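A look at the structure
In case you want the letters, here they are:
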Amino acid sequence: MRGLDATLQLRRSEFRLDARLSVPAGRTAALVGPNGAGKSTVVAALAGLLPLDAGHIELGGEVLDDPSVGVLVPAEARRVGVVFQDYLLFPHLTVLENVAFGPRSRGLGGAEARTRADRWIRRLELGGLEGRYPRDLSGGQAQRVALARALATEPGLLLLDEPLGALDVRTRSVVRRVLAEHLAEFEGPRLLITHDPTEAFHLADEIHVLEGGRVTQAGTADEIRLRPRTEYAAELGGTTLVRGTAREGAVDTGGHVLHIADHGIEGPVLVTLRPTSISVHRARPEGSFRNIWRTRVVRLEQHGHRVRFLTGAPLPVTVEVTAEARVELALTLETEIWVALKATEIGVQPDTSPEESKP
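My aim in this report is to walk through the structure given alongside it, one point at a time. (Residues numbered from 1 in each chain as written. Predicted model: local features only at pLDDT ≥ 70, side-chain atom pairs only at ≥ 80, totals over all residues. Heavy atoms only, no water.)

**Topic: the side chain of Glu162**
Keep this limit in mind: Secondary structure is summarised from DSSP: a helix means a run of H or I of at least four residues, a strand means a run of E of at least two, and numbering begins at the N terminus for each. With a 1.4 Å probe rolled over the protein chains alone, any residue whose accessible area is under 20% of its type maximum counts as buried; one over 50% counts as exposed, and the rest are partly exposed. Working convention for charge: Lys and Arg count positive, Asp and Glu count negative, and His plus the chain ends are omitted. The term salt bridge refers to a side-chain nitrogen of Lys or Arg lying within 4 Å of a carboxyl oxygen of Asp or Glu. Between two residues, a contact is recorded if the distance between any of their heavy atoms is within 4.5 Å.
Mapped onto the fold, Glu162 is located in the loop between β8 (157–161) and α5 (169–185). Here Glu162 sits buried without a salt bridge, and the closest side chain of opposite charge, Lys39, lies 5.0 Å off (N-O distance). When sequence neighbours within four positions are dropped, the list of residues in contact with Glu162 reads Lys39, Gln85, Ile193, Thr194 and His195.

**Considerations on helix α2 (residues 95–105)**
Buried residues of α2: Val95, Asn98, Val99, Ala100, Gly102 and Pro103, and no others. On the buried face of α2, the contacting elements are α3 (110–123) and α4 (139–151). Residue Gly107 follows α2 closely and has a positive phi angle near 105°.

**Focus: the pattern of salt bridges**
Here the structure, examined in full by the defined rule, presents 15 salt bridges. Residues Glu248 and Arg247 are paired through a salt bridge, measuring 3.9 Å at the closest nitrogen-oxygen approach. What makes Arg247 exposed here is its relative accessible area of 57%. A salt bridge links Arg308 to Glu320; its shortest N-O distance comes to 2.6 Å. Within this pair, whereas Arg308 is found in strand β18 (residues 306–311), its partner Glu320 is found in strand β19 (residues 318–322), the two being separated by 12 residues in sequence. Through salt bridges with shared partners, one network takes in Glu231, Arg243 and Asp351.

**Thoughts on the layout of surface pockets**
Short version of the rule: Each cavity reported here is a set of points on a 1 Å grid over the protein atoms alone in which a 1.4 Å probe fits but cannot get out, each pocket an open set with protein on both sides within 12 Å along at least five of seven lines, and each lining residue one with an atom within 4 Å of a point. Grid points are joined across faces, edges and corners, and a volume is the space filled by probe spheres set on the points. Residue type decides the class: Asp, Glu, Lys and Arg count as charged, Ala, Val, Leu, Ile, Met, Phe, Trp, Tyr, Cys and Pro as nonpolar, and the leftover types, Gly among them, as polar.
In this model, the largest pocket occupies a volume close to 730 Å³. Glu235, Gly237, Gly238, Thr239 and Arg308 are, among the 29 residues lining the largest pocket, the residues nearest its centre. It is β18 that provides the largest number of residues to the lining of the largest pocket, a total of five residues. When grouped by side-chain class, the residues that make up the lining of the largest pocket number 11 nonpolar, nine polar and nine charged. For the second largest pocket, the lining is made up of 17 residues, of which Val80, Val82, Phe84, Phe101 and Arg106 are closest to its centre. Sorting the residues of the lining of the second largest pocket by element identifies β7 (80–83), α2 and α4 as the ones contributing at least two each.

**Describing the sheet that holds strand β11 (residues 214–219)**
The line we're drawing: At least two DSSP bridges between two strands are required for those strands to pair. The convention used is that axes are lines fitted to C-alpha atoms, helices contributing only their stretch in contact, and that angles between N-to-C directions extend from 0 to 180 degrees.
The sheet built from six strands is open, its strands ordered β7-β8-β9-β3-β10-β11 with mixed pairing. The sheet is open, and its two edges are formed by β7 and β11, each paired on a single side. Each strand of the sheet is rotated relative to its neighbour by a mean of 20°, with strand direction disregarded. Strand direction decides the pairing type here: β8 and strand β9 (residues 190–194), joined by four bridges, are parallel. If you follow Leu158 over to β9, its bridge partner there is Arg190.

**Some details on the sheet that holds β18**
Overall, antiparallel pairing links the five strands, which are arranged β16-β20-β17-β18-β19 in an open sheet. A strand with exactly one partner marks an edge of an open sheet, and here the two such strands are β16 (279–281) and β19. Averaged over all pairs of adjacent strands, the angle between their axes in this sheet comes to 45°, without regard to strand direction. For β16 and strand β20 (residues 336–341), the ladder comprises three bridges, and the chain directions are antiparallel. Paired with Ser279 across the strands is Ala340, a residue of β20.

**A look at the nonpolar core**
Applicable threshold: By convention a nonpolar core is built from buried Ala, Val, Leu, Ile, Met, Phe, Trp, Tyr and Cys residues, the set being connected through side-chain atoms within 4.5 Å.
Val99, Leu147, Leu158, Leu160, Ile207 and Val209 are the most contacted members of the largest nonpolar core, which has 45 residues in total. Here the element with the most residues in this core is α4; it accounts for seven residues. With 28 residues, the next largest nonpolar core counts Leu21, Val42, Val43 and Ala45 among its residues.

**A word on the pairing of β7**
Here β7 shows a buried face lined by Val80 and Val82 and a second buried face lined by Gly81 and Val83. Here β7 runs beside β8; their pairing, made up of four bridges, is parallel. Across the sheet, Gly81 pairs through a bridge with Leu158, a residue of β8.

**Considering the environment of His182**
Of note, His182 is situated in helix α5. Residue classification places His182 among the buried residues on the basis of a relative accessible area of 10%. Through-space distance from the C-alpha of His182 to that of Leu151 is 9.9 Å; in sequence the pair is 31 residues apart.

As structure tokens, then:
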């Protein structure tokens, strides 16, 4: 089974989308990006709601959109199953009727559509809810009904547009596990559109970072975490990305010098600092640390049993400690601290970014 291959080029008012996406069959790719990056435009183009100006969309070997050869398959004829953030369930239809609507819209007769709907209702553990209306469903149940409706069309591509965005935090974690199980069973390509890095890292095999209408980086979750190519990609994984110039085992960041383990790399580099690799002290630490500097806490956030904070000059970095360590160190805003980092804990890669993308 072949997957999705797309080059999406189109303009909407002042915004231009120029993105390349490739998702093999049986794999889940996440498209993540900040507000205004073009995620909704990607959804509309793949679903057939917006025609391309240039490029192509090919799914399972079939061309769906290619202006150069005059091919444009309408939305209703595309084998694309879409699950939207607000689910778009018909309020006047029961669960069974909502799920059956998908295959009926693809031309199946009423009886056959209901049979297929019943099968997907049972597969997604919605048995007993067939006669209920959307107003009687919990958020998690509504999400699974929307997923069942999309899958009942036997799509070639499963497109999930912020599928957990309408759920509360507690429900989201439960539904995320259920969704992961059902995604694994779908044989075609799956594209998850989200702004939530937790969803992307938990549900996707590969992550595509979309910024300003372009895919700035694509790779596994570990590749994004350890070798981010942009500041936004670094924020996704909680790492700090610093640009600098390397020479003889040191990187000049403009306001601070970091000592690195790789003495062979020279020239412009991207430095990544993982928040859990940086140790925090109230007095200057002793030991084998190659990098030690004094700073202060300028932002502080509690995340469950972990605390993440941002330091100030001379080098703003994100640091993560346990809640117990925060109490022990008496960390508050403006607390003066020492941070320490081993040279071997610093990730370094050549900076091949085009000049116009650098700050």
